[in-house]
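One-letter residues, chain by chain:
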Amino acid sequence: MEQIFIPKTVGTVKESGTVTWQTPSNIALVKYWGKRNPQLPENTSVSFTLSNCHTKTTLSYNKKQQSNDNFDFDVVFEGKINEAFKPKIETFFKRIEAYVPFLKEYTFVIESQNSFPHSSGIASSASGMSAIAMCLMSMEKEMNPTLTEEEFYHKASFLARLGSGSACRSVKGEIVVWGAHPEINGSSDLYGVEFKDAVAPIFQNYQDTILLVDKGEKQVSSTVGHDLMHGHPFSQQRFAQAQENISKIKDIFAKGAIDDFIALVESEALTLHAMMMTSHPYFILMKPNTLEVINKVWDYRKETGSKLCFTLDAGANVHLLYPKSEKETVQLFIKQDLAVFCKNGEYIHDQVGMGANKLT
Ligand code: PMV
C-alpha cells in the first residue's frame, strides 16, 4: 500500500531554492500509545489541530555538483546551528528515502523556529517533523505538478508519520484521525485524514490552554513508552478500547454531547498515564501540580457547571479544553486559580486551527 508513495515519474526541480511552511502542534483526544514497525499505530487516534503552537521551517536546497551517498544537511534552530537535532532528522531521512528519491541529490539547510518556548515540555516533534515533510512535498510538487491536492496532503502526512507518529495529524485541521477505523471513511494507518463527519457547533473553535506545569526534559521518552506497550498486560484491552472510543467520539461530535465528550477525553488522558504506570518498568510523567490542576478543574466544574475539561499528553503539562463561549470566564479562572501551578506562572492560550500553512 505504501508503494503508492514512491514517485513514478521524476521531473526536474530547480537547482536551488527555498520553501517555507508553518505547521501546528496537535492534541490527541483519543490517544495513540503503542506502535509497530514502521511507525504504524496499534489503534486509531483523533486530535484537535492547534493554531498558536507551531513550527516555522524554511528548507533551502542546492543541487550537489557531484553526487554522493550521504544525506547532506545542516540544522539551524532558533537562529543557531544545532547539532543535537541532526541524528533524529538523519533517521527520518533514512526512513523516507525510498519515497523521496531526490534526498541525496541536494544539500539542505533546515531553519526552524517554534512559536512556543523551547523546552516548554510541549511536544515539538509533531510540528517540527510535519514542517519538514511539507517542505519536501513542495519540492516534489514542483517535479510532479500533476500531484493532486489530496495526494499531496496524504503523502505529506505519510512522510511526517515516519518522522514522529503523531506528526501525521499536524498537516490538516481541524480534527484529524489517524489509523484505520471501519466507521471513518478513508482512514488509514499510513496517514492522518481530516475528520469529515458532522461536528456540532459547540465543538467548533474549541479552546485549548496549555498549562506549563513542568518544563524539564521528560524522564522517559515517548519512543520508550510506545515500546513498553509490547508485552504490556493491558495492551490488547487498551487498543480495543481506543477503537470503541473512536466510534463514541464520532457520535459525540455529531450530537454535540459535551458531557460525554468530557468523560471520554478525561478517561483517555488518565488511561494513557495508567498505561505508563502499569508498564514494566513502570513510570510516572505526571507531577504533583498536574494532580492539583485536575482536582481544581473538577471542583470548578462542580461549582459552576462549566464544560471545562483536561487532557494530557506524554508529560506533566495539562491541556485545558473548553468551548469558545466560556473563553472569558475560564481564562479568568486559569489566571486566578491555576497559574500558580505552572512553572513561572506560564501557560499558552491556543485554539483549534486549520493545519499547515505555506509561507512562500
Ligand atoms: O508521536 P509520538 O511518538 O511522540 O507519540 C505521541 C503520543 C501521545 O502524544 C502521548 C498521544 C498522541 O496521540 O499524540
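Model, not experiment: these values are computed from the prediction.

*Asks:* In this structure, what is going on with empty space enclosed by the protein? I would like to understand it.
*Replies:* To locate leftover empty space, one rolls a probe as large as a water molecule over the atoms. Tallied over the full model, the rule gives one cavity of 30 Å³ or more. In this model, the largest cavity occupies a volume close to 70 Å³. Lining the largest cavity, in full, are P7, T9, V10, P101, F102, E140, M143 and N144. Here the lining of the largest cavity is built from residues that sort into five nonpolar, two polar and one charged.

*Asks:* It is not clear to me how the nonpolar core should be interpreted in this structure. Could you clarify?
*Replies:* One broad rule of soluble globular proteins: the nonpolar side chains tend to lie buried together. Formed by 77 residues in total, the largest nonpolar core has its most connected members in F48, F93, L136 and F261. Among the elements that make up this core, the one with the highest residue count is helix α2 (residues 125–143) (ten residues). Two domains each put at least three residues into this core: domain 1 (2–197 + 355–359) and domain 2 (201–351). Apart from residues lying up to four places away in sequence, F261 is in contact with L29, F48, F203, Y206, I249, I252, F253, C309 and L321.

*Asks:* Sorry if this is basic, but what is going on with unusual backbone geometry here?
*Replies:* Note on backbone geometry: most residues besides glycine have negative phi, and most peptide bonds are trans. Note the cis peptide between G173 and E174, where omega equals -25 degrees. Phi at N205 takes a positive value of approximately 55 degrees, unusual for a residue other than glycine. Checked against the element boundaries, N205 lands in the loop between β9 (192–194) and β10 (207–211). The phi dihedral of N344 falls on the positive side, at around 50 degrees, and the residue is not glycine. Note on placement: N344 falls in the loop between α8 (327–338) and β13 (347–351). The exposure class assigned to N344 is exposed, which follows from its relative accessible area of 66%.

*Asks:* Explanation requested: the site of the ligand in the structure shown.
*Replies:* Taken together, 13 residues form the shell around the ligand, and within it Y32, S166, R169, S222 and H226 come nearest. One of the side-chain N or O atoms of R169 is found 2.7 Å from an oxygen atom in the ligand. Expressed as a share of its isolated accessible area of 380 Å², the protein-covered part of the ligand is 89%. Residue classes in the shell around the ligand are distributed as five nonpolar, five polar and three charged. Residue assignment places the shell around the ligand across two domains, with domain 1 (2–197 + 355–359) and domain 2 (201–351) each supplying three or more.

*Asks:* Before we go on, may I ask you to explain the environment of T278 in this structure?
*Replies:* As for its placement among the helices and strands, T278 is situated in the loop between α6 (258–277) and α7 (288–304). Separated by 49 residues in the primary sequence, T278 and M229 have C-alpha atoms spaced 9.7 Å apart. Dropping the residues within four chain positions of it, T278 is found in contact with H232, P233 and F234.

Conventions we followed
- Residues numbered from 1 in each chain as written.
- Predicted model: local features only at pLDDT ≥ 70, side-chain atom pairs only at ≥ 80, totals over all residues.
- Heavy atoms only, no water.
- 1 Å grid on protein atoms, 1.4 Å probe; cavity = no way out; pocket = protein on both sides within 12 Å on 5 of 7 lines; lining within 4 Å.
- Points joined across faces, edges and corners; volume = space filled by probe spheres on them.
- Nonpolar A, V, L, I, M, F, W, Y, C, P; charged D, E, K, R; others polar.
- Core = buried A, V, L, I, M, F, W, Y, C linked by side-chain atoms within 4.5 Å.
- Buried < 20%, exposed > 50% of the residue type's maximum accessible area, 1.4 Å probe, protein only.
- Helix = DSSP H or I, 4+ residues; strand = E, 2+ residues; numbered from the N terminus.
- Domains from an automatic or database assignment.
- Contact = heavy atoms within 4.5 Å.
- Near = heavy atom within 4 Å.
- Polar contact = N/O pair within 3.5 Å; in protein donor to acceptor, adjacent residues only side chain to side chain.
- Areas by Shrake-Rupley, 256 points an atom, 1.4 Å probe, with all protein chains shown as cover.

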